[in-house]
Amino acid sequence: MDINVPVILEKEDFTYKKLLLPFISGLLTSLGFYSTHFDFLIWFSLVPLFYCLFNYKISAKKGFLITFVYSITFYLGLLTWLFKLHPLTWVGFTEIQSLGIITLGWISFSLVESLSLSILGFLYGLVKPEGWKNILFVSSLWVIIEALQGFSDSGFTWGRLAISQYKEIYLIQSSNLFGSLFISFILILLNSSIALSLVDYFKNKDKKSFKYTYPVLILIVINLFYGFYTVFSKEDNGKEINTVIIQGNILSDQKWNMTVQQGIDIYLDLSKQALNDNKKEKIDLFVWPESAVRTTMENPSVMAQLKDFTFKNDTFLLTGIFDVLRKKDPNDYDVFNAMTGISPKGEVLGKYYKRHLVPFGEYLPFKDILFAIYPPIKEINRLGKDITPGKSSNVFKMPFGHVGGLICYESIFPELIRESTTDGAEILILVTNDSWYKDSSAVYHHNGQAVFRSIENDRYMVRAANTGISSFISPTGQTIEMLGPLLKGYIKDKVKLRNTKTLYTIIGDTVVIFAIILLFISSFKSKKTQEE
C-alpha cells in the first residue's frame, strides 16, 4: 500500500458515547503537565482524541463538540493551580467571595482556551481530509491555534504542548531553530499518526497500517540527534559574571501586610549573608525578584539604601521595583512594573518596564462591566490603579555587558525575549513573583517556559523568583542551580555573556507559515473523492 496515495477509509457512525475518547485524552494530557514524571504521557495522550475524529463520521458541529470535550477537560485539569490563590482575604474579600472569584476565573480561562482549540474539530468536520492528509491537517492547524493563543494582550500560552517536555533537554534543542511550536508540531504528528494507523489497522488487520508512523519516527530520531549534537558541541567561552539570586520567600499576603522597609531588610540581609559566605570571591551582580522593592523609584530613602549597598560592596544590583511617570497634572500619572539596575558607583543604569501585563492582576479588562456585575473585584488591584505597559525591550547597557530584562508573565511569550535578544541582550535576567501559586505545578511550568526561552535564543537565563523557583539556566536549557519553591535563601553561580544569534532569533515563529502551507495542501481532496 503506497503511503503517497490517500487511502479513503470507510468511517463509522458517531454516537455520543464516543465522547469518552476525547475525555480520556483531556485527562491524560493534563496529567502529563501535572508533573515531569508523567511528561511521557503527552506522546500518546491525544491518540484517543484523533482516533475519534478519524474513525467516525464527523460534521463540523460534532467535530467542535469532540475537541471541546477534550479541551475543557484538559484546561480544567491544567489550571487547578489557580485555587492556590485562595483565600484572597488579604485583598479584602471574604473566603466565599475569594472562592467564587477564583472559580469564575478557573472556568472562564478554561472556557476561552477551549473554544479556541475547538476550532480544530469544527474545521476538520468541514474539510474532512483523507488518508495521510488527516495527520498534516490536525498537526498544522494545532500549531496555528497555539500560535494564535499567544497573539494578544490577553494571550495565554500555558497549555502549549511543548512546555510539558521542558525536562527533555535533547528533544527540545531544535527550539533554537524553529521555536517551541515545532516541538508541539512533532508531538501532534506522532499522536495523529498513531491514531490514523490504529484506524487503518482495526479495519484492514494489516501490519502495514503503521506506515503512517514511520516518517514521524524518522523525524523524531533526526531531532534527537540534533539535540545531542547541540548539547555536546556548544562552545561556551564568553565573559563570566559571578551572580547571586536572592529569594526572600515573602508570600503575597505577607508582602502587602508588611512595611516597605521590612521587605527591603529581608533582601539586604540575605545579600549580606551571601557576601559573608563568599568573602574570597567578588560578586559581580545581585538579582532581586519582581517587586522585591514594593515602592517606586521616587522614594529617595529606598533608592539611597540600594545605592549604598552597591557602593559599599562594589557590586551591581538588578531589582524589581515600581516606577511612575508624572504628567502635567501632578495627580495624573502612569505606574509601571519595573526593573532597575544600580552600579557600584550608585548610578541608576536604566529602567525596564514590563511590556505584557497580567489581566486581572495588573490591569482589569472590561472594568465597567466587571464593576457593575461584581463591585468587590475592584479590590483585587492593591495599587489602586492599572499598571501601564512598557513599549520597548530597553536592554540594560551595563559596564560588563548588555542585559535583557524580563518580568514574570513575559517569559511565556517567546517574541518578547526574541526582541530583547535581537536588540543586543547578551544575557537574560527574569524577575518574577510566583508567590501566588506557592508550590503548585504552575511554578514548575513557569520555570519550564524560561528553559525554552534560553534554548530559543542561546542565552543564559538568571531567574529570580520571590518564593521560587529561582534558577540559573544554561543556553541548552539545563538548570545549573536551583532554589525550590517556598524556601528562603540565595543561590550563586557564574553565567556567561553570549552574542550569538540562533536561527529562531532571526526568523522567529515562521514555522506558522509552514503550518499554513501544510494546512492548505491537506485541505485539498483528490479528484476521485470529488467525483464521488
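These figures come from a predicted structure and were not determined experimentally. (Residues numbered from 1 in each chain as written. Predicted model: local features only at pLDDT ≥ 70, side-chain atom pairs only at ≥ 80, totals over all residues. Heavy atoms only, no water.)

A.B. asks: Would you mind going over the overall build of the protein in detail, with residue names and values included?
C.D. replies: Scanning the protein from N- to C-terminus turns up 18 helices and 12 strands. In terms of C-alpha radius of gyration, the protein reaches 25 Å, essentially the compact-globule figure of 24 Å for 532 residues. C-alpha extents for the protein along the principal axes are approximately 80 × 60 × 40 Å. Within the span of the protein, comprising 532 residues, buried residues form 57% of the whole. In the protein, 73% of the contacts between residues at least 6 apart in sequence involve partners at least 24 apart. In the structure as shown, the protein presents an accessible area of about 22,400 Å², 62% of it carried by carbon and sulfur atoms. Computing the positive centroid from 53 side-chain charges and the negative centroid from 49, the protein places the two 2 Å apart. (Helix = DSSP H or I, 4+ residues; strand = E, 2+ residues; numbered from the N terminus. Rg over C-alpha atoms; globule rule 2.2 N^0.38 Å. Buried < 20%, exposed > 50% of the residue type's maximum accessible area, 1.4 Å probe, protein only. Contact = heavy atoms within 4.5 Å. Areas by Shrake-Rupley, 256 points an atom, 1.4 Å probe, with all protein chains shown as cover. Lys, Arg positive; Asp, Glu negative; His and termini not counted. Charge placed at Lys NZ, Arg CZ, Asp CG, Glu CD.)

A.B. asks: Could you give me a rundown of empty space enclosed by the protein, with the residues and numbers involved?
C.D. replies: Once rolled over the atoms, a probe with the size of a water molecule shows which space is left empty. Under the counting rule described, the total for this entry stands at three cavities of 30 Å³ or more. Estimates place the volume of the largest cavity at around 70 Å³. The wall of the largest cavity is formed by I250, K255, M258, T259, V260, G263, I264, Y267, S291, A292, V293 and R294. A per-element tally of the lining of the largest cavity places helix α11 (residues 260-277) first, with four residues. In terms of residue class, the lining of the largest cavity is made up of seven nonpolar, three polar and two charged. (1 Å grid on protein atoms, 1.4 Å probe; cavity = no way out; pocket = protein on both sides within 12 Å on 5 of 7 lines; lining within 4 Å. Points joined across faces, edges and corners; volume = space filled by probe spheres on them. Nonpolar A, V, L, I, M, F, W, Y, C, P; charged D, E, K, R; others polar.)

A.B. asks: Residues and numbers for the nonpolar core, please.
C.D. replies: If you look at the biggest cluster of nonpolar residues, it comprises 117 residues, and the most contacted ones within it are F50, F54, W142 and I429. For this core, the element with the most residues is helix α8 (residues 180-204), which contributes 12 residues. (Core = buried A, V, L, I, M, F, W, Y, C linked by side-chain atoms within 4.5 Å.)

A.B. asks: Tell me about the sheet that holds strand β1 (residues 240-247), and please be specific about residues and values.
C.D. replies: Strand order in the open sheet made by the six strands is β5-β4-β3-β2-β1-β12, with mixed pairing throughout. Pairing within the sheet leaves two strands with one partner each, and these edge strands are β5 (348-353) and β12 (489-496). Each strand axis lies, on average, 35° off the axis of its neighbour in the sheet, ignoring direction. Two strands pair when backbone bridges link them, and β1 and strand β2 (residues 285-287) are joined in this way by three bridges, in the parallel orientation. Bridge pairing in β2 links T243 to L285. In the packing of α11 onto the sheet, contacts are made with β1, β2 and β12, and the angle to β1 comes to roughly 135°. Across the sheet, helix α12 (residues 300-313) touches β2, β3 (316-326), β4 (333-342) and β5, and the angle it forms with β3 is around 155°. (Pairing = 2+ DSSP bridges. Axes fitted to C-alpha atoms, helices over the stretch in contact; angles between N-to-C directions.)

A.B. asks: Mind laying out a nonpolar patch on the surface, listing which residues take part and the relevant values?
C.D. replies: A cluster of nonpolar side chains, L31, Y34, F38, F40 and F44, forms an exposed patch at the surface whose accessible area comes to about 480 Å². Structurally, Y34 is set in helix α1 (residues 20-34). (Patch = residues over 30% accessible without salt bridge, like charges linked within 9 Å, V, L, I, M, F, W, Y side chains within 5 Å. Salt bridge = Lys/Arg side-chain N within 4 Å of Asp/Glu carboxyl O.)

A.B. asks: Quick rundown of the pattern of salt bridges? Include the residues and the values.
C.D. replies: Summed over the entire model, instances satisfying the criterion amount to 18 salt bridges. As a salt-bridge pair, E146 and R160 come within 4.0 Å of each other at their nearest N and O atoms. Residue E146 is located in helix α6 (residues 133-148), and its partner R160 is located in the loop between α6 and α7 (175-178); the two are separated by 14 residues in the primary sequence. Looking at R160, the relative accessible area reads 5%, which means it is buried. R326 is paired through a salt bridge with E298; the nearest N and O atoms lie 3.0 Å apart. Separated by 28 residues along the polypeptide, R326 in strand β3 and E298 in the loop between β2 and α12 bring together distant segments of the chain. Sharing partners across several salt bridges, the network here consists of K234, D236, D458 and R498.

A.B. asks: Describe the sheet that holds strand β9 (residues 461-465), naming the residues involved and giving the relevant values.
C.D. replies: Strand order in the open sheet made by the six strands is β6-β7-β8-β9-β10-β11, with mixed pairing throughout. Strands at the two margins of the open sheet, each flanked by one partner only, are β6 (396-398) and β11 (479-483). Taken over all neighbouring pairs, the strand axes of this sheet differ in orientation by 15° on average, direction set aside. Two strands pair when backbone bridges link them, and β9 and strand β10 (residues 470-473) are joined in this way by three bridges, in the antiparallel orientation. The residue of β10 that forms the bridge with R463 is S471. Each of β8 (427-432), β9, β10 and β11 touches helix α15 (residues 441-457); the most contacted strand, β9, lies at about 160° to it.

Remember, this is a structural readout, not a statement about activity or role.
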